[in-house]
Every structure is written in structure tokens, then in C-alpha cells.
Amino acid sequence: MTEQPHPFGVDFGGSGIKGAPVDPRTGEFSADRQRIETPQPATPQAVADVVARLVGRPEVSSEAPVGVTVPGIVRHGVVHLAANIDQSWLGVDADALFTERLGRPVTVVNDADAAGYAEARLGAAAGKQGLVVVTTLGTGIGSALIHDGVLVPNSELGHLEIDGHDAETRAANGVREREGLSWEEWARRLTRYYGVVEMLLSPDLFVVGGGVSKHAAKFLPLIEVKTPLIPATLRNTAGIVGAALLAQGDENRE
Ligand code: BGC
């Protein structure tokens, strides 16, 4: 059996763009992760240039599929909604732009879908059947729906309208920081948020990701829902791992 080149994942964030080749069986990085400052403004062209630098490292196989996360809706490679990134992304066929710039196939995916898929394959929800809802609590709220291991992309549950508000403007971690909410105050908002998602989707499991999940012990036990709620385990590598796995495609599953 010939060894496939490890897929390369890129996590495009507000302050840094990070990339590494990923061993798809374990989720471990097969070479060091590299980080380059996010260009300002972070236009598609400027980000494509950074991704080309990350992928251009000699230790990255020229055959490696590349996956890139974007914090917006991505349908068939085209970015449709971008609440927290440069508006020049809207309507851009990012798959085509990146593929042309890099001279190899690139798959662009929603950031929460990437993180959620990684958690479902290799992280907190590995092997779980039924409906897993992964949320990332960051500047906004990202979501991923995974049913029996299959991702249903672009769920955008952070933009549910709850009590007259776009949910992420009440319950994201960025809001907790900005408004100086205590863990208890924030947990009350999260209880309302997860309660609505629970009522709509009847999930089997919630996985809570995003950087703040390292403080899970402070707020997860305070969220009152019936569905089990557990912290993500891949933490800040989930985006890279998920982008790499999704770029590689399901046909390469062992
Ligand atoms: C965007 C989502 C994204 C999430 C986390 C939301 O505002 O609409 O597409 O996944 O933020 O970055």
C-alpha cells in the first residue's frame, strides 16, 4: 500500500494564520505548526499569499491536499456570509482562488465545521453515534452538526434569533469578555442558548470548543440543559486538523 501524503490544514484566524501537515489517523501534526500574522486587511488575495507561504515549506509534499478554514458560510467553495472577516470575501469562489494561487487543489471550509469534524473524528466525540452538535465559543459562535460521523455543513447556529437578539451577540465568549460577565452570568445566557438548540434539534451530545473551553470547569457545570455537554479535547489544533481531514476527503478514511 502506498503511503498517501499527509493533508495540510490551515486555520485562518483574526490575528494569525496557522498551518501544519496532519497525520489523518491520529490528528498529530507531522511537522511543526507555523504561524504568520494575519494581513490587514485580510482580503482573500492577501490570505491566499500567506497560505502559499505556509504550504511552500520544503517538508510539505507537493501532492498534499490543502484545507483552509474561513469564519463564514462556504457553499461549494464560495463564501456567502462573513460576519467577522473582511467583507471582500463575500461571493468569492475561495476554492478556485486558492487552488489557482497554490497550483494544487484547495478545499475551503467553515471554521466551526472544521473544528467540529475534527472533534467528531478524533476528539471529544470520537466514535459517538447520533447527532453531535459542536459549538465554538469565540468572537462569535460557530456550530457544526455531525450525524453518525457525517458532517452537515454550514449550520450557523450562532445566528439563531433568541429573545430578539442574534444569539452570538449575547452569548459568545467575546461578549463575556467585553461586558465583563461573571462565569455565572455568562452561563445563564449559555443555558438559554443551548436550551433553544436542544429544543430544536434534540442532539445526543453537545461539545463545547473555542479557546475558552480550557476553562470548561468554570462554566460548563453551570449550564442547565438535559443533553450531555462536554468540552472539546483538540482545543486550538481542531481547525487545522479538521481542515486537513476534510481536504483529504472521506474516501481516504481507513
Ligand atoms: C460565522 C460562522 C463562524 C463563527 C465562528 C459566525 O459569526 O457566521 O460562519 O463559524 O462565527 O467563527
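Residues numbered from 1 in each chain as written. Predicted model: local features only at pLDDT ≥ 70, side-chain atom pairs only at ≥ 80, totals over all residues. Heavy atoms only, no water.

### Quick notes on the packing of helix α1 (residues 44-55) against helix α2 (residues 94-102)
Following both chains from N to C, one finds α1 and α2 inclined at 45°, their axes separated by 10 Å at the closest point. Judged by the angle between their axes, α1 and α2 are oblique. In terms of crossing hand, the pair formed by α1 and α2 is right-handed. Touching Pro44, Gln45, Val47, Ala48, Asp49, Val51, Ala52 and Val55 of α1 are Leu97, Phe98, Arg101 and Leu102, all from α2. Of the residues assigned to the contact of α1 with α2, the class counts are nine nonpolar, one polar and two charged. (Axes fitted to C-alpha atoms, helices over the stretch in contact; angles between N-to-C directions. Helix = DSSP H or I, 4+ residues; strand = E, 2+ residues; numbered from the N terminus. Parallel < 35°, antiparallel > 145°, perpendicular 65-115°, else oblique. Left-handed = near helix turned anticlockwise from the far one by under 90°. Contact = heavy atoms within 4.5 Å. Nonpolar A, V, L, I, M, F, W, Y, C, P; charged D, E, K, R; others polar.)

### Section: unusual backbone geometry
Put simply, Gln40 and Pro41 share a cis peptide bond, and its omega is -5°. For Pro41, the location among the structural elements is in the loop between β3 (34-37) and α1.

### A closer look at the packing of helix α3 (residues 111-122) against helix α8 (residues 238-248)
The geometry of α3 relative to α8 is characterised by a closest axis approach of 7 Å and an angle of 85° between their N-to-C directions. Classified by the angle between their axes, α3 and α8 sit roughly perpendicular to one another. Along its contact with α3, which presents Asp113, Ala114, Ala115, Tyr117, Ala118, Glu119, Arg121 and Leu122, the element α8 presents Ala238, Gly239, Val241, Gly242, Ala243, Leu245 and Leu246. Looking at the contact of α3 with α8, its residues break down into ten nonpolar, two polar and three charged.

### Quick look at the domain arrangement of the protein
Considered domain by domain, the protein is made up of domain 1 (8-114 + 237-247) and domain 2 (128-233). Distance between the C-alpha centres of domain 1 and domain 2: 24 Å. Taken together, both faces of the contact between domain 1 and domain 2 bury some 790 Å²; the carbon and sulfur share is 52%. A per-residue breakdown of the area domain 1 buries against domain 2 is headed by Asn84, Ala112 and Asp113, which together make up 57% of the total. The interface formed by domain 1 and domain 2 holds zero salt bridges in total. Our count for the domain 1 to domain 2 interface comes out at two residue pairs in polar contact (both at pLDDT 80 or more). Mapped by element, the contributors of at least two residues to the side of domain 1 that touches domain 2 are β5 (73-75) and α3. (Domains from an automatic or database assignment. Buried area = accessible area lost by both parts, 1.4 Å probe. Salt bridge = Lys/Arg side-chain N within 4 Å of Asp/Glu carboxyl O. Polar contact = N/O pair within 3.5 Å; in protein donor to acceptor, adjacent residues only side chain to side chain.)

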